[in-house]
Amino acid sequence: MTRPAVLEIRDLRTYFYSRAKEAFIRSVDGVSLAVAAGETLGVVGESGSGKSVTALSILSLVGGSPGVITGTIEFAGATGAGTARRNLLEDLGRYVRVSERDGRIVAVTKDEPGWRARVERALTGVRGKEIAMIFQNPKSSLNPFLTVGQQISEAIRLHTPVTDAGEAKERAIGWLERVRMDSPRLRFDQYPDGLSGGMCQRAMIAMALASEPSLLIADEPTTGLDATIQSRVVALLAELKSEFGVTTLLISHDVRVVSRLADTVAVMYGGTVMEHGPARDVLAPGSEPKHPYTAALLASLPSAQTNGGRRTVDGRLPVIRGEVVDTMDVPRGCRFYARCDRVTEAIRARCLGQEPALATVAAGHRIRCHLYAGETCAETRPG
Amino acid sequence: MRRYREAAGEVAERPERSRWRAAALGDRAAVGYGLLVVGLVVISYVVGAAGWLPDDPSRMDMARLNAPPGAGHALGTDFLGRDILSRLIVGIQAYFLPGLLAVAISLALGAALGVTAGYRGGRAEALVTYLSNLVDAVPRLVLVLLVIAAFRADIYYVMLVVGITGAPAVASIIAGKIQFLRQKSFIEAAHVLGLPTRVIVLKHILWYNCAPLLIIQATLGMGEAILVETSLSYLGFGVQEPTPSWGNMVQAGANYFFHGKFWPSTAPALAILFTILGFHLLGDGLNNILESKSAS
Amino acid sequence: MAARELALTALLLVGVSLVVFVILHLSPGDPFSVLLEGQGSGHAVSTSVREALGVPTTWYGRYLAWLGNMAHGNLGTSIRTGVPVASEIARAGPSTLYLTLGSLLVTLLLAVPVALYSTSRTAGALARALTLAVYLVSAVPVFWLGYVVIYLVIHRFGVFPLLSASAEPARHGWLYGLLPIVVLGVANGTVSEVTRHLRGEIGRVLTEDYIRTARAKGAPVWRHAFKEGFLLPMTEMIAAKIPFVIGGAIIVEQVFNWPGLGRMAWQAAQDRDFPVILGIALVAAAFVRLASLLRSVIYAGVNPRTATE
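Residues numbered from 1 in each chain as written. Chains lettered and ligands numbered in written order. Predicted model: local features only at pLDDT ≥ 70, side-chain atom pairs only at ≥ 80, totals over all residues. Heavy atoms only, no water.

Asker: I would appreciate a short explanation of the overall build of chain B in the present structure.
Answerer: When its secondary structure is counted, chain B shows 11 helices and one strand. C-alpha atoms of chain B, sized along the principal axes, occupy 75 × 60 × 35 Å. The buried share of chain B, taken over its 296 residues, is 50%. Of all intrachain contacts in chain B linking residues separated by at least 6 positions in sequence, the fraction that spans at least 24 positions is 69%. Computed over 23 positive and 19 negative side-chain charges, the inter-centroid distance for chain B is 6 Å. (Helix = DSSP H or I, 4+ residues; strand = E, 2+ residues; numbered from the N terminus. Buried < 20%, exposed > 50% of the residue type's maximum accessible area, 1.4 Å probe, protein only. Contact = heavy atoms within 4.5 Å. Lys, Arg positive; Asp, Glu negative; His and termini not counted. Charge placed at Lys NZ, Arg CZ, Asp CG, Glu CD.)

Asker: Teacher, can you tell me more about the confidence of the model for chain C here?
Answerer: Do not read the fine detail of predicted coordinates wherever pLDDT is low. Residues and elements named next belong to chain C. Across chain C, the average pLDDT comes to 83, with 86% of residues at 70 or higher. Looking at the elements of chain C, mean pLDDT is at its lowest for helix 3 (residues 47–52), recorded as 51, and at its highest for helix 10 (residues 209–217), recorded as 94. For residues 42–46, every residue scores under 50 in pLDDT, and the model assigns this stretch eight contacts once sequence neighbours within four places are set aside. Both scores are available for the predicted complex, with the pTM at 0.85 and the ipTM at 0.87. (pLDDT = per-residue confidence, 0-100.)

Asker: How do you make sense of the sheet that holds strand 9 (residues 215–219) of chain A when you look at a structure like this?
Answerer: Hydrogen bonds between backbone atoms are what pair the strands of a sheet, whose relative direction is either parallel or antiparallel. Residues and elements named next belong to chain A. Strand order in the open sheet formed by eight strands is 8-9-10-3-11-12-14-13, and the pairing between neighbours is mixed. Two strands in the sheet have a free side with no partner beyond their single neighbour: strand 8 (131–134) and strand 13 (359–362). Neighbour to neighbour, the strand axes of the sheet diverge by 20° on average, direction disregarded. In the sheet, strand 12 (residues 272–278) pairs with strand 14 (residues 365–367) via two bridges, with the strands oriented antiparallel. Along strand 14, the bridge assignment pairs Glu275 with Ile367. (Pairing = 2+ DSSP bridges. Axes fitted to C-alpha atoms, helices over the stretch in contact; angles between N-to-C directions.)

Asker: Would you explain the interface of chain C and chain B in this entry?
Answerer: Many descriptions give the size of an interface as the accessible area lost when the pieces come together. Across the boundary between the two partners, chain C contributes 47 residues, which contact 44 residues of chain B. Roughly 4100 Å² of surface becomes buried between chain C and chain B when both sides are summed, with 79% attributable to carbon and sulfur atoms. Sorting the residues of chain C by area buried against chain B places Phe143(C), Trp144(C) and Tyr147(C) first, and these three jointly supply 16% of that buried surface. Taken together, the connections running from chain C to chain B amount to one salt bridge. Residues Arg196(C) and Asp284(B) are paired through a salt bridge, measuring 3.3 Å at the closest nitrogen-oxygen approach. Seen at the junction of chain C and chain B, the total is seven residue pairs in polar contact (both at pLDDT 80 or more). For the side of chain C that touches chain B, the secondary-structure elements that each account for two or more residues are helix 1 (2–26), helix 6 (125–139), helix 7 (142–156), helix 11 (221–256), helix 12 (261–271) and helix 13 (274–302) of chain C. Per-element accounting of the side of chain C that touches chain B gives the leading share, nine residues, to helix 1 of chain C. Of the residues contributing to the side of chain C that touches chain B, the split by class is 38 nonpolar, six polar and three charged. (Buried area = accessible area lost by both parts, 1.4 Å probe. Salt bridge = Lys/Arg side-chain N within 4 Å of Asp/Glu carboxyl O. Polar contact = N/O pair within 3.5 Å; in protein donor to acceptor, adjacent residues only side chain to side chain. Nonpolar A, V, L, I, M, F, W, Y, C, P; charged D, E, K, R; others polar.)

Asker: Just checking my understanding: could you explain the side chain of Thr100(C) for this structure?
Answerer: All names here are of chain C. Position of Thr100 among the secondary structure elements: in helix 5 (residues 85–120). Assessed through its relative accessible area of 2%, Thr100 is described here as buried. At 2.7 Å, the side chain of Thr100 and the backbone oxygen of Thr96 are in polar contact. The residues contacting Thr100, other than those within four sequence positions of it, are Val245, Ile246 and Phe287.

Asker: In this structure, what is going on with the pattern of salt bridges? I would like to understand it.
Answerer: For side chains of opposite charge, pairing can occur when their charged atoms come near one another. Residues and elements named next belong to chain A. Enumeration over the complete set of coordinates arrives at 35 salt bridges over all chains. Between Arg180 and Glu239 there is a salt bridge whose closest N-O contact spans 2.4 Å. Taken as a pair, Arg180 in the loop between helix 6 (165–178) and helix 7 (184–188) and Glu239 in helix 9 (residues 227–244) lie far apart in primary sequence, 59 residues in all. Residue Arg180 is classed as partly exposed on the basis of its relative accessible area of 43%. On the basis of relative accessible area, Glu239 is assigned to the partly exposed category, the value being 31%. Ionic contacts of the salt-bridge type, sharing partners, join the residues Asp11, Arg13, Asp29, Arg335 and Glu355 into one network.

Asker: Is there a simple way to think about unusual backbone geometry in this case?
Answerer: Negative phi values dominate among residues other than glycine, just as trans dominates among peptide bonds. All names here are of chain A. In this structure, the amide linkage connecting Ser65 to the following residue, Pro66, adopts the cis form with an omega of -10°. Residue Glu288 is joined to Pro289 through a cis peptide bond whose omega torsion reads -10°. Its location among the elements puts Pro289 in the loop between helix 11 (279–282) and helix 12 (292–299). Its identity is not glycine, yet Asp102 carries a phi of approximately 55°, on the positive side. Its place among the elements puts Asp102 in the loop between strand 6 (96–101) and strand 7 (104–110).

Asker: In this structure, what is going on with the side chain of Asp29(A)? I would like to understand it.
Answerer: All names here are of chain A. If you trace the backbone, Asp29 turns up in strand 2 (residues 23–36). Engagement of the side chain of Asp29 in a polar contact is seen with the side chain of Arg335, the distance being 3.0 Å. With near-sequence residues (within four places) excluded, Asp29 lies in contact with Leu12, Arg13, Tyr15, Gly271, Thr272, Val330 and Arg335.

Asker: Help me understand the state of the cysteines, please; the structure alone is not making it clear to me.
Answerer: Working definition: the covalent bond between the sulfur atoms of two cysteines is a disulfide. Residue and element names in this part refer to chain A. The final tally for this structure, using the stated rule, is zero disulfides over all chains. Cys334 takes part in no disulfide bond, and the closest cysteine sulfur, belonging to Cys351, lies 6.0 Å away. For Cys334, a relative accessible area of 10% corresponds to the buried category. (Disulfide = S-S within 2.5 Å.)

Asker: Would you mind going over the packing of aromatic side chains with me for this structure?
Answerer: With the rule as written, the count across this model stands at 24 aromatic pairs over all chains. Consider the rings of Phe257(B) and Tyr151(C), whose centres lie 5.9 Å apart with planes at 85°: the pair is edge-to-face. Taken together, the residues Phe257(B) in helix 10 (residues 254–258) and Tyr151(C) in helix 7 connect one chain to another. As far as burial versus exposure is concerned, Phe257(B) and Tyr151(C) are alike and both buried. (Phe/Tyr/Trp six-rings, centres within 6.5 Å; stacked < 30°, edge-to-face > 60°.)

Asker: Quick question: what am I supposed to make of the interface of chain C and chain A here?
Answerer: Chain C puts 19 residues into the contact, and the matching count from chain A is 25 residues. For the pair chain C and chain A, the summed buried area comes to about 1900 Å², and 59% of that belongs to carbon and sulfur atoms. Together, Arg212(C), Ala216(C) and Lys217(C) form the three largest contributors to the area buried by chain C at its contact with chain A, with a combined 31%. There are two salt bridges connecting chain C and chain A. Residue Glu154(A) is joined to Lys217(C) by a salt bridge in which the shortest nitrogen-to-oxygen separation is 2.9 Å.

Asker: I keep staring at helix 4 (residues 122–137) of chain B and nothing clicks. Help me out?
Answerer: Its 16 residues place the ends of helix 4 of chain B 23 Å apart at the C-alpha level, agreeing with the 22 Å of an ideal helix rising 1.5 Å per residue. Among the residues of helix 4 of chain B, those classed as buried are Ala124(B), Val128(B), Ser132(B), Leu134(B), Val135(B) and Ala137(B). Here the buried face of helix 4 of chain B lies against helix 3 (84–120) and helix 6 (155–183) of chain B together with helix 1 and helix 13 of chain C. (Expected span 1.5 Å × (residues − 1).)

Asker: Quick question: what am I supposed to make of the environment of Pro192(A) here?
Answerer: Residue and element names in this part refer to chain A. Mapping Pro192 onto the fold places it in the loop between helix 7 and helix 8 (197–209). Sequence spacing of Pro192 and Gly149 is 43 residues, and the spatial spacing of their C-alpha atoms is 9.8 Å. Contacts of Pro192, omitting those with residues within four sequence positions, involve Lys139, Leu142, Asn143, Pro144, Leu146, Val148, Gln151 and Cys200.

Asker: Even after reading the chapter, I still don't get the environment of Gly103(A), so can you show me in this structure?
Answerer: Positionally, Gly103(A) belongs in the loop between strand 6 and strand 7. Spatially, the C-alpha atom of Gly103(A) lies 9.8 Å from that of Arg332(A), the residues being 229 residues apart in sequence.

What follows is the structure, given as structure tokens:
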């Protein structure tokens, strides 16, 4: 990576325990990601792939038990000590004990109150100030009992040197203008209930950027909005990206949104990263090298059909056969094996028995697949 | 420190734990205790009605006044030397059948109102809400005293009132459930299948879907009824001395309480405490178990 | 919106009056004539004379006449004492008001800390013990608790708040004012429900999306959760539990010989003095609805959605 990484996640695992089934839901099962300064990393995947939980784990907003259990999240924010990197999950090991069997975690002991206290302390000064996050369902993500202006002003007064209410208000209105909110002065005094979904999302974006964070995490920012509004919000994000160049981690199941905004893309499936590389390489349909899942995902998009008429099957959209992997019952080998249509006899045994490592196939492009595992310097798992 | 351990074996083949086993320990304990109390009450009622008492509740053992639990008297004696255990058992007669009456009225009337409101919606539902508010507006004991003033201090009249005032709560629960089922097109589907309305309502809605809720309401309602009866007896409007009722036993022992003889008042008070506690815990415990399953 | 609430309240009070009317109408004897006579609507005894004097005989006529009198503040006359009910209620009312509000405060003082504590630590042994304790407390017969408290205060601690035969005022008379509030506040049977509701609401609000945003923003969570998680549920509980507290007051006033509406109601029931108990029922219902009205006001003030309705 040429530019320094603002955020580097290594081998993150976030598990949830199901009492009914007495099993772990392995939502995030060894995820490694990195976002370079000024770049937008798009994380794509179906529901249940763990992408949202990954984002929530960064700021320790995960509900449920046991939650984050292993991994490191290194963040280089503009702290008092320059841009020193620190691990947001520091000391996690002191609060968590993990037991494995056959290379698989089967028991976890976690001092949850202790860890919660520790992480609250570690994250003050980070949450909202250096890392800001926006969510899907903007209407329910804003406090219905406070005006939009009050909420943005709160962010300004918490995280910028501004303390005067009047000045905060002016700044807030400034930000509302920048997110192309109509009648910002009017909207300032309105409650979220009186705003449309798109406007609420703009307000949330304004609130997030008002504290001038080093990293913006956008968790499905367009999901839950009408289709026409979606494209407007995407356009806004693109504008803001070129205007402010905020380092962004963008989570979305919508490949089109990601392709429009992301410089780098990570494709997640079943709780891990399957492919990670430059957007134009990963998201170009039909390009090689490519993970079978990414290929199938791109092929199932309606737009793919208009690009030179790719594989329609009897005029119908191709679908990925099989069921999405159940993160409670993760298979031994490759998670995608059951649905993969590019398995060859040569690698079948490996696909079944051993999970492939994230191997580098080109500059800055890594793929987790046995088809490419023999390529240059396969990193030992987890990648 | 919390431990999470994955059970051995394939996840897919694992049978889903029953609602009961997956429930929190506290709820299971609550239900267990509640069932114990209910069982004791029922048994004691039968025992009392049949007259299989350890001692004659009116017999005065002058040699042993205000005796603590001991030989001959499992729970001691009161200020007139009467056996407390026997009196407690007989005291159940005062609230058992009347309580059942109140519960029956609440459920029947509530179900009728609730089904009407759920089916007709709109106006009928507004009516049920209005009735709920109406019934809640007058404190129950005040209403009971009014009935006593207007008629007479008859426990069955009182329980009629308790039953009627408990109906709107049942009605709104059932109406709510019907709304829920309606949203799931359950009712529509049943109609389309040609099931007669009566069958839909009685069998499918009330029995299959509402039964647990109604049971919970019944237990809570019984708890309320016991509270009303004991309060009324305490105030002197219930069963009269020398016939025992838990409320009048506490009242009668009051003077002796202030002279240091706590037991004649405390024994029945503890009986009231643990019995009402049992009904409350049973109702709430069942409610928690029911809700946790529908949440997961 | 305010108008709608007022209309609802009026409708409910009318409903209450109808209910009590029906009860009296069904009761043996001719209580309504007695009632109306007590209100001064007529003094004759026979039907024909009544008709001649224009005193209503039909049920709706009597109901309306009675309502009309009440609208003028005439609640009838006590059968036992001959004193107008309205003035009796005015005399005894403040004592019961003090009891009701004071004990509600005590209930909240118990319930709120327990609810707050339980939200933060759901699994601790102390939290479980507290939950059980709260249930126990809610099942305690309030009359017995009254005896226990009186006994402890007088005999154990040697404090004599109750007026003794001697001429000098009791040294700790002020304590006497507190005891019934504490007893009723603890044992009115609502503590467990209040705790449970509060805890449930706080817990629910804490899982709301906007709280997650507040956390992500680094903002103090309590500030965002306060309105929906605390203020509103508290108001809801206060308004909802007042009837239970009033009911409990009847018993507590017996135990402590407290000169309030509760004791008056008890006496009235003993004497079949239904004008009195009628008046008390209506005043109690009015008070309950007033609390409900206040609750709606607070809801509207806090929640922008309902305010704009």
